Structure formats: structure tokens, C-alpha cells
Amino acid sequence: MLPVFAQLAAAAVIAGGGPHVGPVHNGRAKALVVQLPRIDTVVTIDGNLDEDVWRRAAKLTGFSRYSPSDGVAADDSTEVFVWYSATAIHFGVRAYAEPGTVRATLADRDKMYADDYVGIFIGTYNDGRQATVFASNPFGVQGDGVVVETGISNSSGFGVASVGRENTDINPDYVFQSKGRLTDFGYEVEIRIPFKSLSFQALDAQTWSLNVIRKVQSRGYEYSWAPAQRAAPSYIAQHGKLAGLAGLDRGLVLDLNPIITSHLDGAAGPTSYGYGSAQQKVGGNVRWGITNNLTLAGTINPDFAEVESDAGQLIVDPRNALFFTEKRPFFLEGREQFSTPNNLVYSRRILNPIVAAKVTGKLAGTGVAFLAAVDDTVGSMTQKDRPVYAILRLQRDVGSGSRIGFLYTGKEEPAGNNRVVDVDARIVMSDKWSARLQGALSRTELTGASSTVAPFWVTYLARTTRNVTASYLLSGIHDNFKTSAGFISRPAIAHAKADHSYTWFGDEGSWWQTFTTDVVLDNTWQYQSFVHGQDALEKKLHFNESASLRGGWAVGASLLVEEFAYDPSFYTNYFVERHIGAVTDTVKFVGRNRIPNADWYVTITSPEFKHFSFNVFYLIGRDENFLEWSSADVVLATFGATWRPTGQVRVEGTYNWQEFHRGTDGSTVGRQRIPRIKMEYQLSRAIFLRLVGQYTANDQDTLRDEGGSGFPILFKTATGFTRASASSSNDFRADALFSYQPSPGTVLFAGYGSTLQEPDAFTFRRLDRRADGFFVKASYLFRL
């Protein structure tokens, strides 16, 4: 009898000859190979698979369950039909389901992952390392993105938002056509992907990798056509193959995308509220396919992309910078080619580019990406003062799953320059072991000062089997390592982490499906302390338990045992106003040496019910109070819920909350609350209305030397010392948006945003408008 994965591979029957299922090695069949038929005809993309061409297409069946557990035949039948013409590849999906169980709504692009959906992963370079993703819900609402394997573990499934052990970047948008419809047996979806939207090898005969996944929300299951194993070090390497593609014709690939934006901003003045003059900007993007595998793109005055404000984030550790994702279309196009471990490329550093150009592609097995940009950080800089950025990324495939990379980034400006050189590698050593290595040097030179050179390095080793996962990380960032084109959350540290987990799988039909216990040992040093063999700044021992339950529930609980040492570099501006009798003086703040902590938290994530879903994170315990560097009782919670009363209305709400109470007297030293609600009405696939409201309430008590003398804390400023007195801020942000987006690049946005403040939190009685703005954006994609 064949092992289970070989049986599943053999079941994946393909009409017109069937798949090539190679010999079984260690219980796993070789990748499925589909001889794809070429049919030079034109069909109407209407969600009906009734044309004769679909009966001549290759047929993919035999799906298996992947998430939350693998190796089991799918509970619901799925048929995928595939063929190609000279200009496009076509997919038809026939998904069978029990009556009344299909989840389907109208939604904006990339907002349909709470529905049932199918996802198509195409690796046009057949390198087993990256794939372009095209997804559709039962109504044809689109999602898309790209996944690049890094080898960092992620316990989620193949789903478009989290693929295998990798996260899919769903920000890039691609032009393709899709339509879907509900049927009495489930639903059908029809998808056409033009070759103009893809880049691929410069070969007469092509072989691409392929996988198709299906998410069934009513069961909480994820099915995969490729009989993949969760324990494998590479997800994409387990994909099937599309063979026999020949004579692909992209034609002239030239996209012109003119953009017009206009905004009118208002602000509160000393005596009155007023508006400036309306500001218009004309810009645009251009994309030219030089060859099938090399693309040149340029932009002038790229548009602002933030049609709503960034969601508020809790500041859990003030030593860590907050990360915000890129949203501007020009920088999203082809950004997988710039993918670098640890965010050494972070395009949001280029704040307001005047002009930028880039080349991306793959030449002779080497990925090539180059970006140059002239920035205007304040919007009114002279030409000689504007910073210039240059980024070069090269990646070379090695063997069946490994890759080496090189990176150069540079920023030149009158105040000085910064350059970074990086070499990194991902090494797949076997079907269980993989590693990641990275080493970088930065050279920073400020005008009138000597240059500094400093290193950044990472080593990561992982072993993955079906039940056992182990990973080991050691990294270091020198105090003087700087990157003007990248993102470093916390500099000047060394970090060591060992993570071991074991997963049990429930019997078929059991109320529990997986249970994982995880033990993490995590230490952080100041970099110089690590180099000189001194004690760690932070010591953490985490015990994590998580389970997936039948129907799509996920629950977890953790115990966090930690010890934090005083970090003098964070408190350089802290002083204490000391009172001894009638004498008052100012002395340097010196916190207690170490603070022991013990916290626990629970998480609950519900299935995607037909009209409702929710998630909860709740942490409580004894933790560090960074404001006064003392021990405190902490509460940290995040609540989220989505309500879909109809197929066109969606209401999403989140509430982020954290509080710190002094361990001595229970008084509140700090509190942050951020409720946010977003309401969307989808008039059609292309048109929606959105309202967003977010309230940010921050309260801080007068700070004192809680861990020592109890005297008031002072902050040192340029003019002297100021007492860290009690403060509060209560900001309400409201955004409204009309959006018309029939396809990527063709949009009409009209919106309004306003920021208001009030003295007392959540009363909504004395809201004072501090700033607001109206904006309009229009663009059209000319695809020649």
C-alpha cells in the first residue's frame, strides 16, 4: 500500500493522460506534472464553465487537507480546469459544498479572505522559492500578492494571507480577470491571467510551478491540490508543475498610469481655524517590459496612497520602533525582488520622491533589482539639498532550494551619506534542516566628522518534522550600524533565541485537531555587553500552548517568565529632583538593577461564521514599567470583531488597551486605549463607501523614582530641566472615503479626514477640530 501522500498524489487525476507521479521517496511522491493544453481561442469571463474549451482543459482533482492538519483527503470535492492561449493562462474552478455553507460577500480587493476562496500560486521561474498569488471568492472578488520563502516558521496554512510557513505579501496588485457565481452544488469561478501581468523565463518551452488551495470557512479547513507536508522546509518546492507552455506572447508590455491628486488642508491657528490653498499634483507611473523577464518602471511625483490613516498601535516596549507597511503602488510593483532578511530595504524611508526608477527581473538564474530615487523630505527642498537613494539587490538560486543574495543601499545628502553592503543566504540542507545566514556592514559619514563602519549579522538554524520543530537564532547589531534605506526596530543589541515545539494531531473527527506545546528561551544583550561576555539585559522563558479545534476555532495560553535589567542608554535624559531637608538638588536617575516579571495571556480566535467573527488577546501579570523603570501590574488586551449583516455591509471593530499600575500603591502610572471602527458598504465589486473612526486616549501620571527614592523625575531639555508632570491626550480621527477601483491602476478616490481633540476622554462633548483635509485622486491605467 502506498504511503498517504503518494496515495493523494495518485488521486490527483488530470484529464487527458493524468499526472506524472514519480517513485515514492520516504513516503512522498515527486511533484505532480501537468501537460498543459494550448487552445488558441477567446472566451467570455463570466463565471460559467459551459464553453467547450473547458472540456478540453487539463483537469486537476484529488485535493487533500493541509490546515490545520495534513495528509487527509479533502472533505469537499474540488475540480480545477487549466489551459492557456498565446496571451493568457485560464483557470476554471468548480467547488462542491454542502447546501447553505458557502461564505461569499461583495468586498474590496484583498478584503475577501473571510469568505470561502480559491488561491492560485504560480511560480513562473520554477525555482521553488517564490510564487505570484491570484485569489478569488465565489463572487469573483479578487485578492493577489506574492510569497517569497525565507525559512522563518509560520504555523498557519497555505492560505493567501499566510502560505505554508511563509507570510504572503498581499499589498501588490496585478491585472487579471475573474468572475464567479453560486450554484446549487457550491460555486464556480473563472479566472484569466494575462501574460502581460507576469514575468517569466526567456525560454521557448516553459515549465512553471503551480498549486491551488481552497479555503472552506464553514469547516475551518484549507485544501491543497499539491499533497504537501507541513513539516517540509519548503512549501513552494512541493508545488506541482505546469509543463509544455510554449509560444507565450506578452506583446508590447507598456503600462502608462497618469495620476492627478488634489488636497485642501485645514489647521487650527492661534485665534481661528483656517484653510490653505488647494494643492494639485500631476504625476504618473510607467512600466515597460524590456523582455519577458526584465521590467523597467519609473515614476514622477508618485501619488500618496494612504486613503485612510494607519491603524493605531500600542507601544508595548518604547525601545522598539513601530513598523508601517508600504502602500504606494510604484514601490509595491516587483518589491519581492528587493526582499531582504530583517528589512534592510524599507521603501517608506523615501518619504516624498520627486522622481524614481527601477529595474527588476531575473537574468541567467540571478534575480536583479535596482532602484534609484530623488527625495524631497519636506516638500520644498532645493535640488542640491535633496537626498538621493540607490538600492541594488542580487539573488542567485543554488541547488534545489537554496539561495544567496547581495544587497547595496546608499543615501547621499549634503549632511552626509550612509552605505550598507549585505550578503545573505538561505540554505536547505535536507528535507528537515535549513539555515539562514546574513552579514552586513554599514558606513556612515556625517559632514565634518569621521566615518564609522559597523556590522550586523544573523545566524538561524531550523529543524522541522511533522511533530517536532526546533529553531535557533543568534544575531547582533553594532551600536554604530545605521541604515538610511532600511528598518531596524531596535539597534545596538545582540539576540539569542532557542524555540522547541511539539505538535500532537487529533484523530479524524475529534473535537480537537492539533495541540502544540512550545518552549522558548530568549535572551537580549546590549551589543557591547555581548561582545565582552557580560550578562544579558533581558532573559525570557516562555511556555506556550495552542490548539486548533474542530470548526475553525483556535485557542492559546502562555506563561511568560522574564527578567529585565536596567538599560541606562534609554534613560540618558532622566534625572531625579532630590529633596533632603530644606535642600533640593538634581541627580542622575539610576534605576534598580533587575526587575523580575511573570505574565500570562490567553488568545481566542473564532471561525469565520456567516455573519460574525472575533478574536481576543488578554495578558495580565507583573511586568516592567518603562516610564519609571519599576515593577508594575500590567493589563494588555486586544479585542477584534467583524460583523457582516449582509453580503455588502461589513463592520470591523478593534479595541487596544494597556494599563500599568504601580506595585507599591496600585496607582495608575500609564494607560493607553485605542478603539477603532470601520464600516464599509460595497455597492458593487468596484465601488464602496467607507467610514473610519479611531480614538486614541493616553494618560500618564506624574513620574517618580518609583524603584528608588520616590522623588519626582525630571527630563533634561536643551534649556534645562522640566518635571515629568501628569499629562493626557484624547484624539479622535475620522475618515470618509468614496472609492471606485475597477482594476489596479484605474481609480477614483474622494475623501475627507479630520483630527479632533477633547479634554476628557470619550465624552464627545467638547471636541475641538485641530486639523482636517479633503482629497481627490484620479488615475487611469493605459495598457498598450
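Before going into details, it helps to say that this report is about the structure given with it.

Reading guide: rules and limits
For every chain, the first residue of its written sequence is number 1, and the numbers climb from 1 along that sequence. Confidence filtering applies because this is a predicted model: local features only for residues at pLDDT of at least 70, side-chain atom pairs given and counted only at 80 or more, and all residues used for totals across whole chains, interfaces and linings. Hydrogens and water are ignored here; the side-chain numbers use all heavy atoms of the structure. Helix and strand labels come from DSSP, where a helix needs a run of H or I of at least four residues and a strand needs a run of E of at least two; each type is numbered from the N terminus. Using C-alpha atoms as the atom set, the radius of gyration is obtained and then compared with a globule rule of 2.2 Å times the number of residues to the power 0.38. Exposure categories follow from relative accessible area, calculated using a 1.4 Å probe and restricted to protein chains: below 20% of the type maximum is buried, above 50% is exposed, and the middle band is partly exposed. Contact definition: two residues touch when any of their heavy atoms are within 4.5 Å. Note on areas: these come from Shrake-Rupley sampling with a 1.4 Å probe, and a residue is covered only by the protein chains present in the view. A residue counts as positive if it is Lys or Arg and as negative if it is Asp or Glu; His and the chain ends are not included. Charged groups are reduced to one reference atom each: NZ for lysine, CZ for arginine, CG for aspartic acid, CD for glutamic acid. Only strands joined by at least two bridges in the DSSP assignment are considered to pair. Convention adopted: a line fitted to C-alpha atoms gives each axis, helices being fitted over their contacting stretch, and angles between N-to-C directions are expressed from 0 to 180 degrees. Two N or O atoms form a polar contact when they lie within 3.5 Å of each other; inside protein one atom must be a possible hydrogen donor and the other a possible acceptor, and for residues adjacent in sequence the pair counts only when both atoms belong to side chains. Put simply, a patch holds well-exposed residues, over 30% relative accessible area, that have no salt bridge, with like charges counted together within 9 Å and Val, Leu, Ile, Met, Phe, Trp or Tyr side chains within 5 Å. A pair is scored as a salt bridge if a Lys or Arg side-chain nitrogen falls within 4 Å of a carboxyl oxygen belonging to Asp or Glu. In this text, buried Ala, Val, Leu, Ile, Met, Phe, Trp, Tyr and Cys residues form a nonpolar core when linked through side-chain atoms within 4.5 Å.

Thoughts on the overall build of the chain
Scanning the chain from N- to C-terminus turns up four helices and 46 strands. Here the chain has a C-alpha radius of gyration of 28 Å; the compact-globule value for 784 residues is 28 Å, and the two agree. Oriented by its inertia axes, the alpha-carbon framework of the chain measures out at about 95 × 60 × 55 Å. Expressed as a percentage of the 784 residues in the chain, the buried residues total 50%. Contacts spanning at least 24 positions in sequence make up 61% of the contacts within the chain whose residues lie at least 6 apart. Summed over all atoms, the accessible surface of the chain reaches about 33,000 Å², with 58% contributed by carbon and sulfur. Of the charged side chains in the chain, 77 are positive and 80 negative; the average position of the first set lies 3 Å away from that of the second.

Re the sheet that holds strand E12 (residues 177-182)
Within the open sheet, the five strands sit side by side as E2-E5-E6-E13-E12. Their pairing is antiparallel. Because the sheet does not close on itself, it has two edges, and the strands there are strand E2 (58-60) and E12. Strand-to-strand twist of the sheet, defined as the mean angle between neighbouring strand axes without regard to direction, takes the value 15°. The pairing of E12 with strand E13 (residues 186-194) spans six bridges and is classified as antiparallel. Bridge pairing in E13 places Ser 178 opposite Ile 191.

Some remarks on the sheet that holds strand E34 (residues 583-588)
Strand order in this open sheet of four strands is E34-E33-E41-E42, and the pairing throughout is antiparallel. In the strand order of this sheet, the two ends are held by E34 and strand E42 (720-723), each with one partner. The average undirected angle you get between the axes of adjacent strands in this sheet is 40°. One ladder, built from three bridges, connects strand E33 (residues 574-580) with strand E41 (residues 713-717); its direction is antiparallel.

Digging into the side chain of Lys 358
Summarising the element assignment, Lys 358 is placed in strand E21 (residues 353-363). At a separation of 2.3 Å, a polar atom in the side chain of Lys 358 contacts the main-chain carbonyl oxygen of Glu 333. Non-local contacts of Lys 358, meaning those with residues more than four positions away in its chain, are made with Thr 295, Leu 296, Ala 297, Phe 330, Phe 331, Glu 333, Phe 338, Phe 370 and Leu 371.

Examining a nonpolar patch on the surface
A cluster of nonpolar side chains, contributed by Leu 252, Leu 256, Val 286, Trp 288, Ile 290, Leu 296, Tyr 780, Phe 782 and Leu 784, occupies part of the molecular surface with about 770 Å² of accessible area. Position of Ile 290 relative to the elements: it lies in strand E19 (residues 279-291).

As for the nonpolar core
With 39 residues, the main nonpolar core has Leu 36, Ile 89, Phe 91, Ile 193, Trp 208 and Leu 210 as its most contacted residues. Secondary structure elements with two or more residues in this core: E2, strand E5 (78-84), strand E6 (88-96), strand E7 (117-123), E13, strand E14 (205-216), strand E15 (221-224) and strand E16 (240-246). With sequence-adjacent residues up to four places away left out, Ile 89 is seen in contact with Leu 36, Val 82, Trp 83, Tyr 84, Ile 191, Arg 192, Ile 193, Phe 195 and Leu 242. Residues Phe 331, Leu 344, Ile 350 and Tyr 460 belong to the second largest nonpolar core, which totals 26 residues.

Brief notes about unusual backbone geometry
Put simply, Ser 67 and Pro 68 share a cis peptide bond, and its omega is 10°. Residue position: Pro 68 is located in the loop between strand E3 (64-67) and strand E4 (72-73). The phi dihedral of Asn 342 falls on the positive side, at around 65°, and the residue is not glycine. In this fold, Asn 342 is placed in the loop between helix H3 (329-332) and E21. Its identity as a non-glycine residue notwithstanding, Phe 764 has a phi of 60°, on the positive side. Along the chain, Phe 764 turns up in the loop between strand E44 (746-757) and strand E45 (768-779). Overall, Phe 764 belongs to the partly exposed group, its relative accessible area being 44%.

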